[in-house]
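Structural description and commentary
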Amino acid sequence: QVQVVESGGGLVQPGGSLRLSCAASGNIFNIYTMGWYRQAPGKQRELVAAVIRGGIINYTDSVKGRFTISRDNAKNTVYLQMNSLKPEDTAVYYCKTVIRDRNYRIYDYWGQGTQVTVSS
């Protein structure tokens with residue numbers, strides 16, 4: 001019905017950068033919210049950043065000043081630019097979307113996740 005695909009993860013050294021991408025496609029009327037969550041082993045899944053269609057952005061405190069979320073509404077795509085990466089940023093990063101389909105029903109959709117590893 002709806003496909004959510006992430007890309008851009010990988011292995012980087014501390015202080016390095018990565019850019020994650022998430023594209024949604026399928027039975028979409030519009031998208032209310034797109035955002036990024038992450039989950040490290042033994043930890044709860046946490047919100048990293050999210051952007052609402054109208055432009056309201058939220059970041060978790062630990063990434064403020066280092067990560068930037070942006071959204072291309074025309075392409076149903078959200079990006080996460082991650083700079084000054086730290087080992088504690090290591091996690092699986094998941095894209096979450098809140099979508100209204102063409103039948104005007106609202107659903108949450110999750111991507112499969114992309115691994116980010118920050119290590120020397």
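All values reported here derive from a predicted model rather than from experimental measurement.

1. Re the packing of aromatic side chains
Summed over all chains, the structure comprises three aromatic pairs. With centroids separated by 6.1 Å and ring planes inclined at 55°, the aromatic side chains of Tyr107 and Tyr109 adopt a geometry described as tilted. In this structure Tyr107 comes out as partly exposed when scored by relative accessible area, which is 30%. Taking the ring centre of Tyr94 as reference, the NZ or CZ of Arg45 above it sits at 3.8 Å. Positioned above the aromatic ring of Trp110, the side-chain terminus of Arg45 is 4.8 Å from the ring centre.

2. Looking at the pattern of salt bridges
In total, this model carries six salt bridges according to the counting rule given. With a shortest N-O distance of 3.0 Å, Asp89 and Arg38 are connected by a salt bridge. One end of the pair, Asp89, is in the loop between β8 (77-82) and β9 (91-100); the other, Arg38, is in strand β4 (residues 30-39), and 51 residues separate them in sequence. Pair check on accessibility: Asp89 and Arg38 agree, each one buried.

3. Examining the sheet that holds strand β1 (residues 2-7)
Spatially, four strands are ordered β1-β3-β8-β7 in an open sheet, and the strand pairing comes out antiparallel. On the outer flanks of this sheet lie β1 and β7 (67-72), each paired with one strand and no other. Direction aside, neighbouring strands of the sheet carry axes that sit 15° apart on average. The pairing of β1 with strand β3 (residues 18-26) spans six bridges and is classified as antiparallel. Note on β3: the bridge partner recorded for Val2 is Gly26.

4. A short note on the side chain of Thr114
Within the element layout of this structure, Thr114 appears in strand β11 (residues 114-118). At 3.2 Å, the side chain of Thr114 and the backbone nitrogen of Gly9 are in polar contact. In contact with Thr114, not counting residues within four places along its chain, are Glu6, Ser7, Gly8, Gly9, Leu20, Ala91, Val92 and Tyr93.

5. What about unusual backbone geometry?
Located in the positive-phi region is Ser84, a residue other than glycine, with phi close to 50°. On the secondary structure map, Ser84 appears in the loop between β8 and β9. If you check the backbone angles, Tyr104 has positive phi at about 70° while not being a glycine. Checked against the element boundaries, Tyr104 lands in the loop between β9 and β10 (106-110).

6. Points about the state of the cysteines
All chains considered together, the criterion is met by one disulfide. Covalent S-S linkage joins Cys22 and Cys95, the inter-sulfur distance amounting to 2.0 Å. Between Cys22 and Cys95 the disulfide shows an S-S torsion of about -80°. By sign, it is left-handed. With Cys22 in strand β3 and Cys95 in strand β9, the pair connects residues that are 73 residues apart, well separated along the chain. Judged by its relative accessible area of 0%, Cys22 falls in the buried class. Note on Cys95: relative accessible area 0%, which makes it buried.

The rules behind the values
- Residues numbered from 1 in each chain as written.
- Predicted model: local features only at pLDDT ≥ 70, side-chain atom pairs only at ≥ 80, totals over all residues.
- Heavy atoms only, no water.
- Phe/Tyr/Trp six-rings, centres within 6.5 Å; stacked < 30°, edge-to-face > 60°.
- Buried < 20%, exposed > 50% of the residue type's maximum accessible area, 1.4 Å probe, protein only.
- Lys NZ or Arg CZ within 6 Å of the ring centre and 35° of its normal.
- Salt bridge = Lys/Arg side-chain N within 4 Å of Asp/Glu carboxyl O.
- Helix = DSSP H or I, 4+ residues; strand = E, 2+ residues; numbered from the N terminus.
- Pairing = 2+ DSSP bridges.
- Axes fitted to C-alpha atoms, helices over the stretch in contact; angles between N-to-C directions.
- Polar contact = N/O pair within 3.5 Å; in protein donor to acceptor, adjacent residues only side chain to side chain.
- Contact = heavy atoms within 4.5 Å.
- Disulfide = S-S within 2.5 Å.

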